[in-house]
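# Chain and residue survey
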Amino acid sequence: MGFTHSHSEVVPASTARAYQVAAHQRFRIVAHEGAQVCDAAFVGADNHSVTYSSDLSVLFNQLEGTGDIHSLETLYSRPPDTEPMVRVTEDTIGHHFPWAGGMCCSYLYEIRDDEPSHENCADNLLTALNERGLSLEKVPEVFNIGMHVTVEDDQIQYLPPEFGRGDYIELEPQIDLIVGISSCPNDTTIMNESEPKSLEIQFEDPPR
Ligand SMILES: [Zn+2]
């Protein structure tokens, strides 16, 4: 069954937003202004301790033959109540960074760029999720969408983005979720082509 676009929201450049999305209400995260990395956090709407597990999601997808360190078919929640949280139903972006769960934060900008007060995904996501009714003290692990990362000589290598305007990933929650979406504010590296952009979020209507 095709995607039935109902309405869109925009996550402005260098900000985060959070949305409640029903089980099986698909949504697309669209790089509508060009290559733009997104950090997405997933929290169970009925049980806020249900969050995404980056390392186990990669492991389980590898074992199931459905993913690798660049892409996943199913995003799983952390133990002990591991269950499918989200399925990737379409993906024109292709390369992601799903296995580390990390995000840019003030300490990263401090040690790398000497800019400790730089806007960052961690602070933006925590604020957005809590404004949506959560009371989190720590940012959950995120699914990093669009970051092209590989490993060479035991070092993580960050490569230029390999997608562009109009590319998207389509996700189908398997349970009711609060989804935090950060348009990464990184303008100090090749990520985001050095220019943070907004993201368009296209939603279907919730299933009846
Ligand atoms: Zn970021």
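Given the structure is predicted, the values throughout are model-derived calculations rather than measurements.

Conventions and cut-offs
- Residues numbered from 1 in each chain as written.
- Predicted model: local features only at pLDDT ≥ 70, side-chain atom pairs only at ≥ 80, totals over all residues.
- Heavy atoms only, no water.
- Helix = DSSP H or I, 4+ residues; strand = E, 2+ residues; numbered from the N terminus.
- Rg over C-alpha atoms; globule rule 2.2 N^0.38 Å.
- Contact = heavy atoms within 4.5 Å.
- Areas by Shrake-Rupley, 256 points an atom, 1.4 Å probe, with all protein chains shown as cover.
- Lys, Arg positive; Asp, Glu negative; His and termini not counted.
- Charge placed at Lys NZ, Arg CZ, Asp CG, Glu CD.
- Pairing = 2+ DSSP bridges.
- Axes fitted to C-alpha atoms, helices over the stretch in contact; angles between N-to-C directions.
- Phe/Tyr/Trp six-rings, centres within 6.5 Å; stacked < 30°, edge-to-face > 60°.
- Lys NZ or Arg CZ within 6 Å of the ring centre and 35° of its normal.
- UniProt positions renumbered as here; feature names shortened; annotations may be inferred.
- Core = buried A, V, L, I, M, F, W, Y, C linked by side-chain atoms within 4.5 Å.
- Buried < 20%, exposed > 50% of the residue type's maximum accessible area, 1.4 Å probe, protein only.

What follows is about the overall build of the protein chain. Per the secondary structure count, the protein chain includes three helices and twelve strands. Here the protein chain has a C-alpha radius of gyration of 16 Å; the compact-globule value for 208 residues is 17 Å, and the two agree. Sequence separation of at least 24 residues holds for 78% of the intrachain contacts in the protein chain that already meet a minimum separation of 6. Working note: accessible area of the protein chain is about 9700 Å², and carbon and sulfur atoms make up 45% of it. When the 11 positive and 35 negative side-chain charges of the protein chain are each reduced to one mean point, those points stand 6 Å apart.

This brings us to the sheet that holds strand S4 (residues 38-44). Taken together, the four strands give an open sheet; going across it, the order is S2-S11-S4-S7, and neighbouring strands pair in antiparallel fashion. For this open sheet the edge positions go to strand S2 (16-21) and strand S7 (143-145), each flanked by a neighbour on one side alone. Each strand of the sheet is rotated relative to its neighbour by a mean of 25°, with strand direction disregarded. Relative to strand S11 (residues 177-183), S4 runs antiparallel, the two being bridged by seven bridges. The residue of S11 that forms the bridge with Cys38 is Ser183.

Moving on to the packing of aromatic side chains. In this description, a pair of aromatic rings is defined by centroid distance and the angle of the planes. Going through the model one piece at a time under the given rule, you end up with seven aromatic pairs. Pairing Phe60 with Tyr76 gives two aromatic rings, centres 5.2 Å apart and planes at 90°, and the pair type is edge-to-face. Of this pair, Phe60 sits in helix H1 (residues 54-64) while Tyr76 is found in strand S5 (residues 74-76), placing the two residues 16 residues apart along the sequence. Feature note: the residues Tyr19, Phe27 and Phe203 constitute an aromatic cluster, connected by ring pairs. Stacked on the ring of Phe3, the Lys or Arg Arg28 has its end atom at 4.3 Å from the ring centre.

Turning our attention to the UniProt feature "domain: DUF1989" (unreviewed entry) in the protein chain. UniProt marks residues 9-178 with the feature "domain: DUF1989" (unreviewed entry), using the numbering shown here. Here residues 9-178 runs as 18% helix and 31% strand, with 15 Å between its end C-alpha atoms.

So, on to the nonpolar core. Phe27, Ile29, Phe42, Ile181 and Ile201 are the most contacted members of the largest nonpolar core, which has 31 residues in total. Breaking this core down by element, the ones donating at least two residues are S2, strand S3 (27-30), S4, strand S6 (84-91), S7, strand S10 (168-173), S11 and strand S12 (199-203). Filtering out sequence-adjacent residues up to four positions away, Phe27 remains in contact with Phe3, Val21, Phe42, Ile169, Glu170, Leu171, Pro173, Val179, Ile181, Ile201, Gln202 and Phe203. Within the second largest apolar cluster, twelve residues are counted, among which are Ala16, Ala45, Leu134 and Leu136.

The next thing to look at is the environment of Ala128. As for its placement among the helices and strands, Ala128 is situated in helix H3 (residues 121-131). When the C-alpha atoms of Ala128 and Gln155 are compared, they prove to be 32 Å apart, with 27 residues separating the residues in sequence. Sequence-distant contacts of Ala128, that is, excluding residues within four places in its chain, are made with Ala16, Arg17 and Ala18.

In space, the six strands of this open sheet follow the order S1-S12-S3-S10-S6-S5, with antiparallel pairing throughout. With one partner strand each, in any of the chains shown, strand S1 (7-11) and S5 form the two edges of the open sheet. Along the sheet, successive strands turn relative to each other by an average axial angle of 25°, direction set aside. For S3 and S10, the ladder comprises four bridges, and the chain directions are antiparallel. Residue Ile29 lies in a different strand from S10, and its bridge partner there is Ile169.

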